[in-house]
Amino acid sequence: MDFERRKRPFRHLGRIIDIINILLSLAVIICIVFIALDREANLILFPVIFFCASVINIALLVKYLKRREGFRVMTLGMGALLFLGLGIFTLLVVL
């Protein structure tokens, strides 16, 4: 019984993170479709894709940080920084 009470708040946080990931993944897919339809007019969507991927990694980082899985936290943090850097680079190139 006590174990279920301790586990419940994390389950709620995990569901919120999963919903955020689903919404951001849909945003990435929609951006990719728009880019495929007209690449020249939608170049600004490239940084949006990278920033969404960075936020997805940050959300997963929080999830695994709560679970105390150190290696995954480290790799997700590096991935988030990589995607953030790529997003800034593509934003500078596009503008």
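Residues numbered from 1 in each chain as written. Predicted model: local features only at pLDDT ≥ 70, side-chain atom pairs only at ≥ 80, totals over all residues. Heavy atoms only, no water.

(A) Quick peek at the overall build of the chain. Of the regular secondary structure elements, the chain holds three helices and zero strands. The linear arrangement of helices and strands in the chain, starting from the amino end, is α-α-α. When each of the 95 residues of the chain is scored for burial, the buried share is 29%. Long-range contacts, defined as pairs at least 24 residues apart, comprise 62% of the intrachain contacts of the chain with a sequence gap of at least 6. Just so you have it, the chain exposes about 7000 Å², and 72% of that area is on carbon and sulfur atoms. (Helix = DSSP H or I, 4+ residues; strand = E, 2+ residues; numbered from the N terminus. Buried < 20%, exposed > 50% of the residue type's maximum accessible area, 1.4 Å probe, protein only. Contact = heavy atoms within 4.5 Å. Areas by Shrake-Rupley, 256 points an atom, 1.4 Å probe, with all protein chains shown as cover.)

(B) Here's a closer look at the nonpolar core. Ranked by size, the top nonpolar core spans eight residues in total: Leu 24, Val 28, Cys 31, Ile 35, Leu 45, Ile 49, Cys 52 and Ile 56. Of all the elements in the fold, those that place two or more residues in this core are helix 1 (2–37) and helix 2 (45–67). In this structure, Ile 49 is in contact with Val 28, Cys 31, Ile 32 and Ile 35, ignoring residues within four places of it in sequence. (Core = buried A, V, L, I, M, F, W, Y, C linked by side-chain atoms within 4.5 Å.)

(C) View of the side chain of Asn 42. For Asn 42, the location among the structural elements is in the loop between helix 1 and helix 2. A distance of 2.8 Å separates a polar atom in the side chain of Asn 42 from the backbone oxygen of Phe 34. Excluding residues that lie within four positions of it along the chain, Asn 42 makes contacts with Phe 34 and Ile 35. (Polar contact = N/O pair within 3.5 Å; in protein donor to acceptor, adjacent residues only side chain to side chain.)

(D) Focus on helix 2. Under the 1.5 Å per step criterion, the end-to-end length of helix 2 is 33 Å for 23 residues, consistent within 8% with the ideal 33 Å. Among the residues making up helix 2, those that are buried are Leu 45, Pro 47, Ile 49, Cys 52, Ala 53, Ser 54, Ile 56, Asn 57, Ala 59, Leu 61, Lys 63 and Tyr 64. Immediately beyond the C-terminal end of helix 2, within one or two residues, lies Arg 68, with a positive phi of roughly 65°. (Expected span 1.5 Å × (residues − 1).)

(E) Fine view of the state of the cysteines. Counting across every chain of the model gives zero disulfides. Looking at Cys 31, it has no disulfide partner, and the nearest cysteine sulfur is the one in Cys 52, 6.0 Å off. (Disulfide = S-S within 2.5 Å.)

(F) Inspection of helix 3 (residues 70–94) at higher detail. Over its 25 residues, helix 3 runs 36 Å from end to end, which matches the ideal 36 Å to within 8%, given 1.5 Å per residue. Taken together, the buried positions of helix 3 are occupied by Val 73, Leu 76, Gly 77, Gly 79, Ala 80, Gly 87 and Thr 90. Elements that come into contact with the buried residues of helix 3 comprise helix 2.

(G) Representation of unusual backbone geometry. For Arg 68, which is not glycine, the phi dihedral falls at a positive 65°. Within the secondary structure, Arg 68 is located in the loop between helix 2 and helix 3. The exposure class assigned to Arg 68 is exposed, which follows from its relative accessible area of 76%.

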